[in-house]
Every structure is written in structure tokens, then in C-alpha cells.
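# A structural walkthrough
For reference, the chains in residue letters:
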Amino acid sequence: APYERLEQSLFSSRQAPLADSGRQPPSSRLTLPIVKDDDSSIPAEVRSIVWVHDAAMSAVDRAILANTDAMLVFIFDSHEPWAEHRYRFIREGWADLIASVTNRHHALVVGDPAAELERLALSTGCREIHVSEHPNPVVRRAIRKLESHCQVTIHPRAIFAEYAGEPKRFSRYWDTVASQVLGYRPRSGKRMK
């Protein structure tokens, strides 16, 4: 679905800026502002960090659930192009996550994920970084870099559906997993032309 519709359905407790604006999101790439939650107020007794990447931004993520006293960190990778609508969608998701968890400390930064996590770990005296596994090569590379400097615990990601084999087409995949994901079998309709 378009980001506007996703925002409206996911963030209904507050305004969804793109959906309410009545305009289409710009297609140009965004020059990221330097966003940084004030990590100067993070006490030195923070002993663990949960890296919340965009594939694990959920209050029921296993890494977050296992570390309710950890500092949550999201990093906008400065090497990746961010479209404005994606950036705004992630910011809304971050705000929603922070409002839904008991973790008191959090940081939202722009930079290289491994370098920023290492910087935060050193500045707080953190002993461990937690992250949910993901096949994304950027996430895997950052984990490998961090493992040479910190203790990294990789939590299994939540499995929403199981599918044997390699999906060749989304429609076949969805026919198989829809009831697992939704809890019921959706009515099948004719393909739109």
C-alpha cells in the first residue's frame, strides 16, 4: 500500500502527516537532517543497547521484549538514500514505538550504523548490544563490525508465516500464508486488470 494509507492505518492515534496533508509525497530524495535525541541525558549506568532497525521496529520485537531496561537506538543510515515519505513513515513508527515500550532511554541518530552504535556503547559504558536478526546485508555487515568491538546478542526475528520453498510469485506465496498472517482465509477475488 502507499505510505499514506499505511500511515493512516498504523498510526491512527495521532495525525498521519502524509495522509492528512492531501498531497503526494515528493519523489526526490531527502537530505537527512541531523536528528539526534539528546543522548547527553543518558546515564552511564545504561548497560545494554537494542539496535532497532527498520525491519524490527515493533514493541513485540524479541530483542526489545528481552531488554526492557536497555537504551533503544534507531539509526538512519547516512549511506542510504531516504525518500521523504519513507523518512517520515519511520519517524512516525519510532514515535509510536517509544510510546508503547517501558524503555526509558532512546536515541535517534543519522550516521553509519556500526560507528554510531560503537560511539553510543563507549559513551555509556554499555557492555552489550542486542539486535534482531535480519537478512539485510547492511544489518549483517554492521553486526560483523560490532562483534569485533562489543558483545552482540542476535535475537531471532518473529516468524509471521512459514512457507516452504522459494516463492516465485507473491500471489502464490500470499495464497499459502494469508491465513497464518491474518488468522482467517481471505476471500479470493479476481485479479485486477
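These numbers were taken from a predicted model, which means no experiment stands behind them.

## What about the overall build of the protein?
Across its full length, the protein holds seven helices and seven strands. Ordered by position from N to C terminus, the α and β elements of the protein give α-α-β-β-α-β-β-α-β-α-β-α-β-α. Counting across all 193 residues of the protein, residues that qualify as buried make up 38%. Taking as baseline every contact in the protein between residues at least 6 positions apart, the subset at least 24 positions apart corresponds to 64%. Working note: accessible area of the protein is about 11900 Å², and carbon and sulfur atoms make up 51% of it.

## A few points about the environment of H149
Of note, H149 is situated in the loop between α6 (137-147) and β7 (151-155). When the C-alpha atoms of H149 and A121 are compared, they prove to be 9.8 Å apart, with 28 residues separating the residues in sequence.

## Re the pattern of salt bridges
All chains considered together, the criterion is met by four salt bridges. For D54, the salt bridge identified is with R86, shortest N-O distance 2.6 Å. Residue D54 is located in the loop between β2 (48-51) and α3 (62-65), and its partner R86 is located in helix α4 (residues 84-100); the two are separated by 32 residues in the primary sequence. Overall, the relative accessible area of 34% leaves D54 in the partly exposed class. Here E84 ties to R88 by a salt bridge, and the two come within 3.5 Å at their closest N and O atoms.

## A short note on the packing of aromatic side chains
As enumerated under the stated definition, the model contains six aromatic pairs in all. With a centroid separation of 4.9 Å and 75° between ring planes, the pair formed by F76 and W82 is classed as edge-to-face. A single burial state applies to F76 and to W82, both of which are buried. With a centroid separation of 5.0 Å and 45° between ring planes, the pair formed by F76 and Y87 is classed as tilted. With F76 in strand β3 (residues 71-77) and Y87 in helix α4, the pair connects residues that are 11 residues apart, well separated along the chain. Owing to a relative accessible area of 0%, F76 belongs among the buried residues under this scheme.

## With respect to the packing of helix α5 (residues 113-124) against α6
The geometry of α5 relative to α6 is characterised by a closest axis approach of 8 Å and an angle of 40° between their N-to-C directions. The orientation of α5 relative to α6 falls into the category oblique. Here α5 runs over α6; the crossing is right-handed. In this structure, α5 uses P113, A114, L117 and E118 to contact α6, whose residues at the interface are A142, K145 and L146.

## Description of the pairing of strand β6 (residues 128-132)
In the case of a regular strand, side chains alternate between the two sheet surfaces. Within β6, five of the five residues are buried, which leaves it mostly tucked inside the rest of the structure. The alternating pattern of β6 places E128, H130 and S132 on one face and I129 and V131 on the opposite face, and all of these are buried. Pairing analysis gives four bridges linking β2 to β6, with the strands arranged parallel. Its bridge partner being in β6, I49 is matched across the sheet by I129. As paired strands, β6 and β7 are joined by five bridges and run parallel to one another. If you follow S132 over to β7, its bridge partner there is H155. In this fold, β6 hands off to α6, which returns the chain to β7; that crossover is right-handed.

## Overview of the sheet that holds β2
An order of β5-β3-β2-β6-β7 is seen for the five strands of this open sheet, with the pairing classed as parallel. A strand with exactly one partner marks an edge of an open sheet, and here the two such strands are β5 (106-111) and β7. Between one strand axis and the next, the sheet turns by 25° as a mean value, whatever way the strands run. Strands in contact with α5 are β2, β3, β5 and β6; relative to β3, the strand with the most contacts, it is inclined by about 150°. Running at roughly 145° to β7, α6 makes contact with β2, β3, β6 and β7 of the sheet.

Quick notes on the rules
- Throughout, residues of each chain are indexed from 1 in the direction in which the sequence is written.
- This being a predicted model, a pLDDT of at least 70 is required before a residue's local features are given, and a value of 80 or more before pairs of side-chain atoms are given or counted; all residues contribute to the totals for chains, interfaces and linings.
- The basis for every side-chain value is the complete set of heavy atoms in the structure, and neither hydrogens nor water enter the calculation.
- Strands are runs of DSSP state E lasting at least 2 residues, helices are runs of H or I lasting at least 4, and numbering of each runs from the N terminus.
- When accessible area is computed with a 1.4 Å probe and restricted to protein chains, residues below 20% of their type maximum are described as buried, those above 50% as exposed, and intermediate ones as partly exposed.
- In this analysis, two residues are considered to be in contact whenever any of their non-hydrogen atoms come within 4.5 Å of each other.
- Here the accessible surface of atoms and residues is derived via Shrake-Rupley with a 1.4 Å probe, and residues count as covered only by protein chains that are part of the display.
- Salt bridges are defined by distance alone: a side-chain nitrogen of Lys or Arg within 4 Å of a carboxyl oxygen of Asp or Glu.
- Ring pairs are drawn from Phe, Tyr and Trp, using the six-membered ring of Trp, whenever the two centres fall within 6.5 Å, and their geometry is named by plane angle: stacked under 30 degrees, edge-to-face over 60, tilted for the rest.
- Angles shown run from 0 to 180 degrees and are taken between the N-to-C directions of axes, each axis being a line fitted to C-alpha atoms and, for helices, limited to the stretch in contact.
- If an angle is under 35 degrees, it is roughly parallel; if it is over 145, roughly antiparallel; if it lies from 65 to 115, roughly perpendicular; otherwise it is oblique.
- We call a crossing left-handed when the near helix sits turned anticlockwise from the far one by less than a right angle, and right-handed when that turn is clockwise.
- Paired strands, as defined in this entry, are two strands with at least two bridges between them according to DSSP.
- Consider the strands pointing away from the viewer: the crossover is right-handed when the path from the first strand over the helix to the second runs clockwise.

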